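Single-letter residue listing:
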Amino acid sequence: MWLNPDEVLLKNVLKLWVTERSNDFFLLQRRRGHGESNSRITGLLVGALDNVLDSTARVTPFRILLQVPGSQVSWIIASGAAIEEVNKHWDWLLHNLLHSLSVFENKEDVASFVKGKVKGLIAEEVQGRQVAQEDDPGKFREALRKFEVHFGLPSSEKLVTYYSCCCWKGRVPRQGFLYLSINHMAFYSFLLGKEVKFVIPWAEVTRLERVSTALMPEAIRVTTRQRQREFSMFLNLDEAFGVIGQLADIALRRLLDSKGLELDRVLQQPARITKRILEEQAIREYVLALFRLPRSENLYEVASCSVWTPHARCHTAGTLYTTDSYLCFSSREEGNLILLIPLSEVLSIEKADSTSALPNPVIVSIRTKKAFQLIELNDRDELVENMNSRLRALHSPTPYYTFYYDTGYSDEEEIEEHVLRNTVNSEALMTAFHQNQPGTNGNKSTNQVKERLWEDHFSEFGRGVHMFRTEKIQKLVAMGIPESLRGELWMIFSDASSDLGSHEGYYASLVQKSMGHNNLATEEIERDLHRSLPDHPAFQNPTGIAALRRVLTAYAHRNPKIGYCQSMNILASVLLLYAKEEDAFWLLVAVCERMLPDYFNRRVIGAQVDQSVFEELIRERLPELAEQIPDLSTLSSVSLSWFLTLFLSVLPFHSAVCVVDCFFFHGIKAIFQLGLAVLEANAAELSSSTDDGQALMILTGFLDQVGNVECPGFPSSSPAAEETSCSVAKRHTNITDLINDSYIKFGDLTVRQIEQLRCRHRIQVLQAHEDTTKENALRLVSPDVSIPAENLADIYDLFKVIFLPSWHYCDSNRSFIERQYRLDRPQFKSLYGLLVPWPDVSNQHTDTLANRTFTLLDQDCDNLVTFRDFASWLDTLYFGELNEKIRLLYCLHIPPALTETEDDPSVVKSPLLSTNRPLYVNLEVTDYQDQLKQMLQDLATEKEKDVEKPLPLMNQSEFIQFCKTLYSMFHPEENELFQAIATVTSLVLQIGEVGHRGKIAGSEANSQEGSTAAGGVDARRGSRSSATADNEWTVSYAQILASLLTEQALVNFFEKPLDLSAKITQAKESQYQQRAGLLTLQRASS
């Protein structure tokens, strides 16, 4: 590869280089010890030095120097790991430059000319490979060259970054380089003449950890299903660990759950992924989580600054983040001060005069006649210009999302819209259906005190989305928000108020569109309506039920990808109690799409990821409890409902609502903290529990008695209450005390830590889902085949690897039998070539048989073959009886497997599908009754498959193809088999000829009789065409089978046991290059 010319003062220092070729201007040199047949100690020491020292000039074994006659100075202009690569550069210099250099009179001009030419070549190469985005293009180019040479992956496999580190093998470290690409992590080491290299696809990574041992104070452990690898001695371990986690997470989300998880658009195009992109993406994910912004927001500027805080009468230092629609500020210590300013509320962003006390100030004015002052902004001019350009664009409204609704109504539509608006509730349900319980009036004074505290807070810190959010507001939230302000503050904390204000009429239009629709989501909603807070009077009334139905149905219509999931009804019910109906809808949008990402989908991946994170937090924050309960899956299974319903399903209602208050203010962090506090409060009892059931009873009993001092039934501090037994008093816990306790003990948990943990644990959850899918597929297939369980599992892995480029899950409306991985024609042919037991004598005929086999197995004509069908076919080849194998071969040579145009089976069947795009089948079921009919048809189809039907007859051309296949199954030197086939062929031809003559004789008599009776030309023509079809030369399956049984050599061949295990081992060895090529093929095309 060409290098930026680097000056060398001593051309052959320490005699480490040997000159291979030379002329007046150039030298081609080899590193001593490389390429020598006898590995002397000098070569080994030089090789060890090259591996340890990170210098591109010294590490590469070959280089080209530019020299000027009479000068002691030379320049390195090219280097390479292989002599072939350097020879190409040498030849280019000889043919393109050497003759031109003789015309220069001044030799110094020669050096300038060559260096300029080499830099031009580098610039072109850098632009093509996007290396210019790296901090050190020359160094990165050298690493890229090594990556390509050492591992031989396809050129489309993009290298993202690399790190110098040690890989441990037992107690022995191997110093080398770790290369991270879009689909793989690879390690290479060359030390004292010994080479170590391996590649780990991201799809095989199951766990990432940071570990510490006596030998490795800090190391990264990468676990796959086969083994573990430890890497240490990173210059920046935190950075390396973060990049590894990001790449593994992105790859697995893209491959294993492309439909269930949201992935940023940039990350869906792997060819664009660089280290810088990953760093920006990590910051973006943190900002979206910290400020709970919409997933569609793009992060633009990140700038250090200070903001004037009137309540503290000083400037608070922190970081400003700007996105499409927001200005966000966070203090240096997360949580001390948060400021969120929607651009829709901003009137102007202006620069002010800079002074020594106020350097580079910027004034942000908002609609409420309030202004925010930012100082110490670097690159202030560019930042203000960018923010103003987005502000101007935002004030030009655009349609929201992809939904279209007409705002211009006809007279009839206006009447209907008027009725609809009257139908939508304009007030919170709690105002009309307040629970009338004894003692409720006594709490009015407490609520009034809270309201006064909040009013005082508003006057000091501001009111609305752009209020200053400090630790003081955290204390007010922990006390419980008063009912009169709860809906308003939920809208402010979640920023649902911005969505509401910018999309007037959207909810009403959505309700109108969704009314009258009947689908699976609406069926589930109707089923759960009366299960939502059934004890509350608001949902014992048609008004409350109707409001809940409208909110859930409208959201299912707005976001069909989520539709409706269980627990959404409970959450929506609580939102409707304290917020207006339209406000409740936007709160539901904020929770489902921003605050609990990936929670409400078909596989609740987000909730499971947080359960895995919760387990790690238990081990870290409650180590004594973790020691007593090594298997924390019991606790995480109990806590799953805490996260899905925000404690609403496990706590008394008034206590649970206080938890929801904290959730809207702190996000998921509040649920993690409270969950840890609950376990910490019950740690002693849980440690002494003997089984899972007892642990469940302990936690259930504790949560049942967590009350609110403002609610009736909670023990008071009156003298009468003090006379009760101490045991009863101990059983009750105040929710405010529990929340404050969680903040005191676990409040140091940050959003950044949670996001980093989520990234790592998502890998484990996705791989666990893949393991479950594999177990289900094997359990479904294994009863129908004779393939040993271990071989069937290996076949599944081979099938899955071929399937990875178009990984998808089948439509949920299909039967479970069809919910398996499925291959299109090119993918099937690739796997066919790896596992077919016969020798590949003729590539062309093998490809023809693969096409026929795919067509035969594609019984439902959807251009896909399931794992079940593939395993059944393979079972017949390796473990079937002789008659089953012959029957399969027979079927491959008659329609529909044998098409009219063998060269292009797509003419008769359907077009070939490409492997560089996902496969989708349009199987939408619009009605529940249609779904039942489809299920019955699936069952009937399965029953029909079990009934063996008589096979059609085979004509002469088809039989010739059959014989051709038999000949292609044997090696040319197997004379006995060839003679046996010739004998069988002659016998079958004689049988067919006898039958053919008999048909001709009979058809002639029938033709004459039919012609006389008809007495017309048309009748004779029809009779003759019918006779032609009947007279065709044909043989039956039974005749072919009987003929084959006459030759013992053929019987022995088809009954000979086949070694499937050896074939699978061979397939795994040859699949690696194929797998890498298929993976990168789709990435490059996406």
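Residues numbered from 1 in each chain as written. Predicted model: local features only at pLDDT ≥ 70, side-chain atom pairs only at ≥ 80, totals over all residues. Heavy atoms only, no water.

Remarks on the overall build of the protein
Put simply, the test is: Here a helix means four or more residues in a row that DSSP labels H or I, a strand means two or more in a row labelled E, and each is numbered from the N terminus. Exposed residues in this analysis have more than 50% of their type's maximum accessible area, buried residues have under 20%, and partly exposed residues fall in between, with area computed by a 1.4 Å probe over protein chains only. When checking whether two residues touch, look at their non-hydrogen atoms; a contact exists if any pair is within 4.5 Å. Method for areas: the Shrake-Rupley scheme with a 1.4 Å probe, in which residue coverage is limited to the protein chains shown.
When you go through the protein residue by residue, the secondary structure sums to 42 helices and 26 strands. Going through the 1086 residues of the protein one by one, you find that 52% of them count as buried. If you take every contact in the protein between residues at least 6 apart in sequence, the share linking residues at least 24 apart comes to 67%. For the protein, the computed accessible surface area is about 50600 Å², with 51% contributed by carbon and sulfur atoms.

Considering the sheet that holds strand β10 (residues 205-211)
Here is the rule: Each pair of strands is called paired provided DSSP finds at least two bridges between the two strands. With axes taken as lines fitted to C-alpha atoms, and helix axes fitted only over the stretch in contact, angles between N-to-C directions fall between 0 and 180 degrees.
Taken in spatial order, the 7 strands line up as β9-β8-β7-β6-β12-β11-β10 in an open sheet, and their pairing is antiparallel. Edge strands, defined here as strands with exactly one partner in the open sheet, are β9 (194-201) and β10. With strand direction ignored, the average angle separating the axes of adjacent strands in the sheet is 30 degrees. Sheet strands in contact with helix α5 (residues 137-151) are β6 (159-169), β7 (172-181), β8 (184-191) and β9, and its direction is about 65 degrees off that of β6.

A look at the packing of helix α12 (residues 471-479) against helix α23 (residues 653-666)
Our working definition: Under this scheme an angle from 65 to 115 degrees is roughly perpendicular, one under 35 degrees roughly parallel, and one over 145 degrees roughly antiparallel; angles in between are oblique. Basically, the charged four are Asp, Glu, Lys and Arg, the nonpolar ten are Ala, Val, Leu, Ile, Met, Phe, Trp, Tyr, Cys and Pro, and anything else, Gly included, counts as polar.
Running from amino to carboxyl end, α12 crosses α23 at an angle of 155 degrees, the nearest separation of the two axes being 8 Å. Viewed along their axes, α12 and α23 adopt a mutual orientation that is roughly antiparallel. Here Ile473, Gln474, Val477 and Ala478 of α12 lie close against α23, whose contacting residues are Asp661, Cys662, Phe665 and His666. When its residues are assigned to classes, the contact of α12 with α23 shows 5 nonpolar, 2 polar and 1 charged.

Overview of empty space enclosed by the protein
How we decide: A cavity, in this analysis, means grid points on a 1 Å lattice covering only the protein atoms where a 1.4 Å probe fits yet has no way out; a pocket is instead an open set bounded by protein on both sides within 12 Å along at least five of seven lines, and a residue lines either one if it has an atom within 4 Å of a point. Grid points are joined across faces, edges and corners, and a volume is the space filled by probe spheres set on the points.
For the structure on display, the rule yields 5 cavities of 30 Å³ or more. Taken as a whole, the largest cavity encloses approximately 230 Å³ of empty space. Among the elements of the structure, α7 (275-291), β16 (337-342), β20 (469-470), α12 and α23 are those that each provide at least two residues to the lining of the largest cavity. In the lining of the largest cavity, the residues fall into 7 nonpolar, 4 polar and 5 charged.

Describing helix α11 (residues 444-461)
Keep this limit in mind: By this rule the span expected of a helix is its residue count minus one, scaled by 1.5 Å. The directions considered for the arc run from the helix axis to the C-beta atoms.
For α11, spanning 18 residues, the distance from its first C-alpha to its last is 25 Å, which sits close to the expected 26 Å at 1.5 Å a residue. Among the residues of α11, those classed as buried are Lys450, Trp454, His457, Phe458 and Phe461. Axial view of α11: buried residues confined to an arc of 100 degrees, hence all on one face. Exposed residues pointing more than 90 degrees away from the buried face of α11 are listed as Arg452 and Ser459. Check the buried side of α11 and you find it contacts β19 (370-375), β20, α12 and α13 (483-494).

Some remarks on the packing of helix α34 (residues 867-879) against helix α35 (residues 882-891)
Note the threshold: Working rule for handedness: look at the near helix, and if it is turned counterclockwise from the far one by less than a right angle, call the crossing left-handed; if clockwise, right-handed.
Remark: α34 packs on α35, axes separated minimally by 8 Å, with the N-to-C direction vectors making an angle of 125 degrees. Here α34 is positioned oblique relative to α35, judged by the angle of their axes. Between α34 and α35 lies a crossing of left-handed hand. Of the residues in α35, those in contact with Trp873, Thr876 and Leu877 of α34 are Glu884, Lys885 and Leu888. Its residues assigned to classes, the contact of α34 with α35 comprises 3 nonpolar, 1 polar and 2 charged.

Here we look at the environment of Ser344
Tracing the sequence through the fold places Ser344 in the loop between β16 and β17 (346-351). Remark: the alpha-carbon pair of Ser344 and Ser325, spanning 19 residues in sequence, is separated by 7.2 Å. The residues touching Ser344, leaving out its near neighbours within four places in the chain, are Arg367 and Leu394.

Some remarks on the sheet that holds strand β15 (residues 326-331)
Pairing is antiparallel across the open sheet formed by 8 strands, whose spatial order is β17-β18-β19-β13-β14-β15-β16-β20. Each end of this open sheet is capped by a strand with a single partner; those strands are β17 and β20. As judged from the 10 bridges shared by strand β13 (residues 299-309) and strand β14 (residues 314-323), these two strands associate in the antiparallel manner. Opposite Glu301, over in β14, you have Thr322 as the bridge partner. Sitting on the sheet, helix α8 (residues 380-394) is in contact with β13, β14, β15, β17 and β18 (362-366), with an inclination near 160 degrees to β17.

Some remarks on unusual backbone geometry
Of the consecutive residues Pro895 and Pro896, the connecting peptide bond is found in the cis state with omega at 10 degrees. Summarising the element assignment, Pro896 is placed in the loop between α35 and α36 (928-946). A positive phi angle is found at Arg292, which is not glycine, with a value near 55 degrees. With respect to the helices, strands and loops of the structure, Arg292 is situated in the loop between α7 and β13. Residues other than glycine seldom take positive phi values, yet Leu533 does so here, at roughly 45 degrees. Secondary-structure assignment places Leu533 in the loop between α16 (520-528) and α17 (542-558).

Description of the confidence of the model for the protein
Note the following rule: The predictor reports its confidence for every residue as pLDDT, a score running from 0 up to 100.
For the protein, per-residue confidence averages 79 on the pLDDT scale, and residues scoring 70 or more make up 78% of the total. pLDDT under 50 marks residues 397-422. Its contacts with residues more than four places away, or in other chains, come to 29 contacts.

With respect to the packing of aromatic side chains
Quick reminder of the rule: Any pair of Phe, Tyr and Trp rings, taking the six-membered ring for Trp, is counted once the centres come within 6.5 Å. Such a pair is stacked with planes under 30 degrees apart, edge-to-face with planes over 60 apart, and tilted for the rest. Whether a charge lies above a ring is judged from NZ of Lys or CZ of Arg, which has to be within 6 Å of the ring centre and within 35 degrees of the ring normal.
Enumeration over the complete set of coordinates arrives at 43 aromatic pairs. Look at Tyr796 and Phe867: their rings are 5.3 Å apart centre to centre, the planes differ by 85 degrees, and that puts the pair in the edge-to-face class. One end of the pair, Tyr796, is in helix α31 (residues 789-803); the other, Phe867, is in helix α34, and 71 residues separate them in sequence. Across the pair, exposure class does not vary: Tyr796 and Phe867 are buried alike. On the basis of an interplanar angle of 50 degrees and a centroid distance of 5.4 Å, the ring pair of Phe870 and Trp873 is categorised as tilted. In this pair, Phe870 and Trp873 both sit in helix α34, 3 residues apart, roughly one turn of the helix. Judged by relative accessible area, which is 5%, Trp873 ranks as buried. Aromatic ring contacts, followed pair by pair, group Tyr796, Phe799, Phe828, Tyr832, Phe854, Phe867, Phe870 and Trp873 into a single cluster. Directly above the ring of Phe198 sits Arg229, whose terminal nitrogen or CZ lies 3.7 Å from the centroid.

Notes on the nonpolar core
As a rule of thumb, nonpolar side chains are buried together in soluble globular proteins. Basically, it comes down to this: Here, nonpolar core refers to any group of buried Ala, Val, Leu, Ile, Met, Phe, Trp, Tyr and Cys residues whose side-chain atoms link them within 4.5 Å.
Counting residues in hydrophobic clusters, the biggest one holds 152 residues, and the most contacted among them are Phe493 and Trp642. Contacts of Trp642, omitting those with residues within four sequence positions, involve Phe614, Phe647, Val650, Ile671, Gly675, Val678, Leu679, Leu699 and Leu703. Membership of the second largest hydrophobic core comes to 64 residues, among which are Phe854, Tyr878, Leu977 and Phe1054.

Things to note about the environment of Leu834
Secondary-structure assignment places Leu834 in helix α32 (residues 825-835). Exposure remark for Leu834: the relative accessible area of 13% places this residue in the buried category. Considering only alpha carbons, one finds Leu834 and Leu798, 36 residues apart in sequence, at a separation of 9.4 Å.

Observations concerning the environment of Ser514
Just so we agree on the cut-off: Here a polar contact is recorded for every N or O atom pair within 3.5 Å, except that within protein the pair must consist of a potential hydrogen donor and a potential acceptor, and residues adjacent in sequence are included only if both atoms are side-chain atoms.
Along the chain, the position of Ser514 falls in helix α15 (residues 506-514). Judged by its relative accessible area of 4%, Ser514 is buried. Spatially, the C-alpha atoms of Ser514 and Ala554 are 5.9 Å apart, while their sequence positions differ by 40 residues. Among all residues touching Ser514, those that are not within four sequence positions of it are Thr553, Ala554 and His557. For Ser514, the side chain forms a polar contact with the main-chain oxygen of Val511, separated by 3.1 Å.

Points about helix α20 (residues 605-621)
The end-to-end C-alpha distance of α20, which contains 17 residues, comes to 24 Å, matching closely the 24 Å that a straight helix rising 1.5 Å per residue would cover. Within α20, 14 of the 17 residues are buried, which leaves it mostly tucked inside the rest of the structure.

Digging into the pattern of salt bridges
As a reminder, the rule being used: Salt bridge, as used here: a side-chain nitrogen of Lys or Arg that lies within 4 Å of a carboxyl oxygen of Asp or Glu.
All chains considered together, the criterion is met by 40 salt bridges. Its salt-bridge partner being Arg621, residue Asp748 comes within 2.9 Å of it at the nearest N-O pair. Remark: Arg621 occurs in helix α20 and Asp748 occurs in the loop between α29 (735-746) and α30 (751-781); sequence separation between them is 127 residues. A salt bridge links Glu993 to Arg997; the nearest nitrogen and oxygen atoms lie 3.7 Å apart. Linking Glu993 with Arg997, this pair stays in helix α38 (residues 975-1014), spanning 4 residues, or about one helical turn. By relative accessible area, Arg997 is classed as exposed at 58%. Residues joined in a network through salt bridges with shared partners are Arg210, Glu218 and Asp238.

Section: the side chain of Arg621
Engagement of the side chain of Arg621 in a polar contact is seen with the side chain of Asp748, the distance being 2.9 Å. In contact with Arg621, not counting residues within four places along its chain, are Leu676, Lys745, Phe746, Asp748, Leu749 and Gln753.

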